[in-house]
Amino acid sequence: EAMAIGRSFPEALQKALRSLENRAAPLSWQRPPGDKNELLARCAVPHDGRLAGVHQALRAGATVAEVAAVTSIDPWFIDQIAGIEEHAQRITGAAPPPAATLAAAKAAGFSDAQLGQLTQMSEAQIRQLRRDLGVRPAYLTVDTCAGEFEARTPYLYSAYDMASEVPAGDRPKVIILGSGPNRIGQGIEFDYACVHASFALSEAGYETVMVNCNPETVSTDYDTSGRLYFEPLTLEDVLEVVAAEQAAGPVAGVIVQLGGQTPLGLARSLAAEGVPVVGTSPEAIHLAEDRGEFGAVLAAAGLLAPRSGMATSAAQAQAVADEIGYPVLVRPSYVLGGRGMEIVYDDETLAAYVQRATEISPEHPVLIDRFLDDAIEIDVDALYDGTELYLGGVMEHIEEAGIHSGDSACALPPITLGHEYVALIRESTEAIARGVGVRGLLNVQYALAAGVLYVLEANPRASRTVPFVSKATAVPLAKAAARIMLGATVAQLRAEGMLPASGDGGSLPMDAPIAVKEAVLPFGRFADASGVGVDTVLGPEMRSTGEVMGIDEVFGTAYAKSQAAAYGSLPVKGRAFVSVASKDKRSMIFPVKRLADLGFEIWATSGTGEVLRRNGVRATIVRKHSEGPGPDGEPTIVDRILAGQVDLIVNTPFGGPGQSGPRRDGWEIRTAAVRRGIPCVTTVQGLAAAVQGIEAINRDEVGVRSLQEHAARLRGSGRAGEPGQTGGPG
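(A) Spatial organisation of helix α14 (residues 291-301). Looking at α14, one finds that the buried residues are F294, V297 and L298. Down the axis of α14, the smallest arc covering the buried residues is 95 degrees, so these residues share one side. Turned more than 90 degrees away from the buried face of α14, the exposed residues are G292, A299 and A300. Here the buried face of α14 lies against α13 (282-289), α17 (419-436) and β15 (452-459). Positive backbone phi, at 75 degrees, marks G302, one or two positions downstream of α14.

(B) Representation of the packing of helix α8 (residues 123-133) against helix α10 (residues 235-248). Closest axis-to-axis distance for the α8/α10 pair is 12 Å, and the angle between their directions is 30 degrees. Taken together, the axes of α8 and α10 are roughly parallel relative to one another. Where α8 crosses over α10, the two elements pack in a sense that is right-handed. When α8 is examined against α10, the residues E123, R127, R130 and R131 are found in contact with a partner set consisting of L235, E236, L239 and E240. Grouping the amino acids of the contact of α8 with α10 by side-chain chemistry returns two nonpolar, no polar and six charged.

(C) Quick look at the sheet that holds strand β8 (residues 328-332). Taken together, four strands build an open sheet; the order of strands is β7-β10-β8-β9 and the sheet is antiparallel. This sheet does not close on itself; its edge strands, each paired only once, are β7 (308-311) and β9 (342-344). Averaged over all neighbouring strand pairs, the angle between strand axes comes to 25 degrees, with direction disregarded. Sheet topology places β8 next to β9; three bridges connect them, and they run antiparallel. Residue pairing in the sheet places V328 in a bridge with V344 of β9. Where α14 meets the sheet, its contacts fall on β7, β8 and β10 (366-370), and the angle it forms with β10 comes to roughly 25 degrees.

(D) Here's a closer look at the domain arrangement of the chain. Segmentation of the chain into domains returns domain 1 (9-134), domain 2 (139-278), domain 3 (307-370), domain 4 (376-508) and domain 5 (569-699). Taking the mean C-alpha position of each, domain 3 and domain 4 sit 30 Å from one another.

(E) Just the packing of aromatic side chains, in detail. Under the definition given, this model contains seven aromatic pairs. Seen from their ring centres, Y155 and F230 are 5.9 Å apart, and the 45 degrees between their planes marks the pair as tilted. With Y155 in strand β2 (residues 155-159) and F230 in strand β5 (residues 227-230), this residue pair connects regions lying 75 residues apart in the sequence. Like F230, Y155 is buried. What links up through ring pairs into an aromatic cluster is the set F9, W76 and F77. Geometry around W603 places R640 over its ring, the cationic atom sitting 5.1 Å from the centre.

(F) Local environment of the pattern of salt bridges. Tallied over the entire structure, the rule returns 29 salt bridges. Between E695 and R594 there is a salt bridge; the shortest N-O distance is 2.3 Å. Placement of E695 in helix α26 (residues 684-698) and of R594 in helix α22 (residues 585-597) is noted, with a sequence separation of 101 residues between them. Note on E695: relative accessible area 16%, which makes it buried. When salt bridges with common partners are traced through the structure, they connect K106, D112, R130, R136, E236 and E240 into a single cluster.

(G) Quick peek at unusual backbone geometry. Residue P327 is bonded to the preceding Y326 through a cis peptide linkage, with omega at -5 degrees. The residue P327 is located in the loop between α15 (314-324) and β8 in this model. Here the bond from L412 into P413 is cis, since omega is 0 degrees, no more than 30 degrees from zero. Within the secondary structure, P413 sits in the loop between β13 (410-412) and α17. Phi at S72 is positive, roughly 65 degrees, even though this residue is not glycine. Locating S72 in the fold gives a position in the loop between α4 (64-71) and α5 (75-91). Located in the positive-phi region is Q120, a residue other than glycine, with phi close to 60 degrees. Checked against the element boundaries, Q120 lands in the loop between α7 (112-119) and α8.

Calculation notes
Residues numbered from 1 in each chain as written. Predicted model: local features only at pLDDT ≥ 70, side-chain atom pairs only at ≥ 80, totals over all residues. Heavy atoms only, no water. Buried < 20%, exposed > 50% of the residue type's maximum accessible area, 1.4 Å probe, protein only. Helix = DSSP H or I, 4+ residues; strand = E, 2+ residues; numbered from the N terminus. Arc of directions from axis to C-beta. Contact = heavy atoms within 4.5 Å. Axes fitted to C-alpha atoms, helices over the stretch in contact; angles between N-to-C directions. Parallel < 35°, antiparallel > 145°, perpendicular 65-115°, else oblique. Left-handed = near helix turned anticlockwise from the far one by under 90°. Nonpolar A, V, L, I, M, F, W, Y, C, P; charged D, E, K, R; others polar. Pairing = 2+ DSSP bridges. Domains from an automatic or database assignment. Phe/Tyr/Trp six-rings, centres within 6.5 Å; stacked < 30°, edge-to-face > 60°. Lys NZ or Arg CZ within 6 Å of the ring centre and 35° of its normal. Salt bridge = Lys/Arg side-chain N within 4 Å of Asp/Glu carboxyl O.

Structural data, given as structure tokens:
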């Protein structure tokens, strides 16, 4: 969701729609509206595009009364949308429109892009026309005193019919671009970084200016920054805020690295308009995102990346996969957040993916990477000032590589990586930071396979793990990053006490507490009318809607806490059902044997049960779903799960969607687990972690300490109060 403020309802509505960062959300005049009756029928059913449908129905000739009759929306609101359409009709074809018409349209909330649609001009041409005609927004203060007293809240919004109320001043200002609308996959973790940056820069003597449109976050509290602009995070709106601030006093720079992908996507356009972007340069940000240029950085540093290729046709995709070798990770080239990614194991599944999930063409190529099976994925957050690297934290993923980092549980400090690997990670991260040209935060994802370290990707921005690392290590990374972006060095921040005087997150003491981040997955929320749920198996496409943190002296206890926070306590007795893919059978023997030793009764399907029995684990064989009930009415495992006879499920998948047999059985098992609310582990690594958690619960080792107490152990008892600041927003 997003929030917008305007002098009229049409203005606020149009600003709110473009704040959503959904191309289909703003009212559009790009195409003819279509048939009136079809549009009215579509509007009768509530859906996410209904507002746009109402507008198109009005364009097609429907009356306000007709739309109100089929939608039951109050006619006043429909009349306001009809008023927007009247403005559009007055400006259609007027190229260039006169100043008065242009000002009236802007006061009704039209963006430069929408005006370009109506006049057959480009957005840049409309922007230049406005500047030439002097049609620029003023920024007004929200009147929190209802006109009774002078309002002093630094809380501003744009309008086109008033005098500006931006206060003048001589203090250098830093403009921080927030993370935009509240949505799954991007939210509080980036807001955390923006808020901490605002606090740190205020303490350093800067006047901080926040631009954001998310009503649910701390960054849009009116007392978080020196000034807040409640505006959409589009190029047009940000440029106008920058211009208004520059007119009121000196601007030291604009920060785009802390708000996630939204402000990062504006970096190059802002720089092209002459806006001073501080921290990592827009060119360096682009270098890290460009596969060819980033590959050259890795090659120059002697770092390895998984073999990869690009295909513009189905036949070419097949050829690239044959050259690289299966399994491969395939994805559309325009993907964000893992959407549309899939791990493919054979020719048939690759062909099905290309046909089903992509619009493969020279304009929309498919990226194909060698998938590193059985690799350990490692997440690193670091700071770089151009000379010195500060390793914020090295996180070891519990699930193997191939699970999206937003869905994978991870531990900090790493629980199985030796000093030599951490040293190699430090060296590699510094080489990437130097080669890219980072100034501030850097997130790098690695995979360790057969003793070889591979670079998966690098992002010169705040990652979603920054709040977790900050709390786990008692170091405010976002605060330090903001200072580095404005010219401070790692050495200077060590001297000030913001960073530890020596060492970093890659050299934590032996007795440092273990922190575990676990993803919150919403599978229980999704089911059809009959109660059938969704598959809980994880993959490269992000599914989590949040995350939790468990912290304790040992890994097992920390993991148990994270599971209790996310899903409820792990079972400590009862029946455990195990059915794993052939590739996982060797790895599952010892964790399952330990479950049996802890008193669990082990149930298994025939193939898994045979391997367990040969290795001395007693397992009761149960029927697969695909086998149906037995001759004497013996129920299948799915029936037993739904009857509440199972307390813990271990089921790992294999292959691609659409495969029958074992994969279909696994889907039925995992969806039954969702329906009954039974813990379901889908990776062998997750099973091993769960076993350690169950052991910790059985030994009654779960204790409670405040975050400040953990921080005091890391940074010295004399500084116990200071690290508590890292537990702020987020």
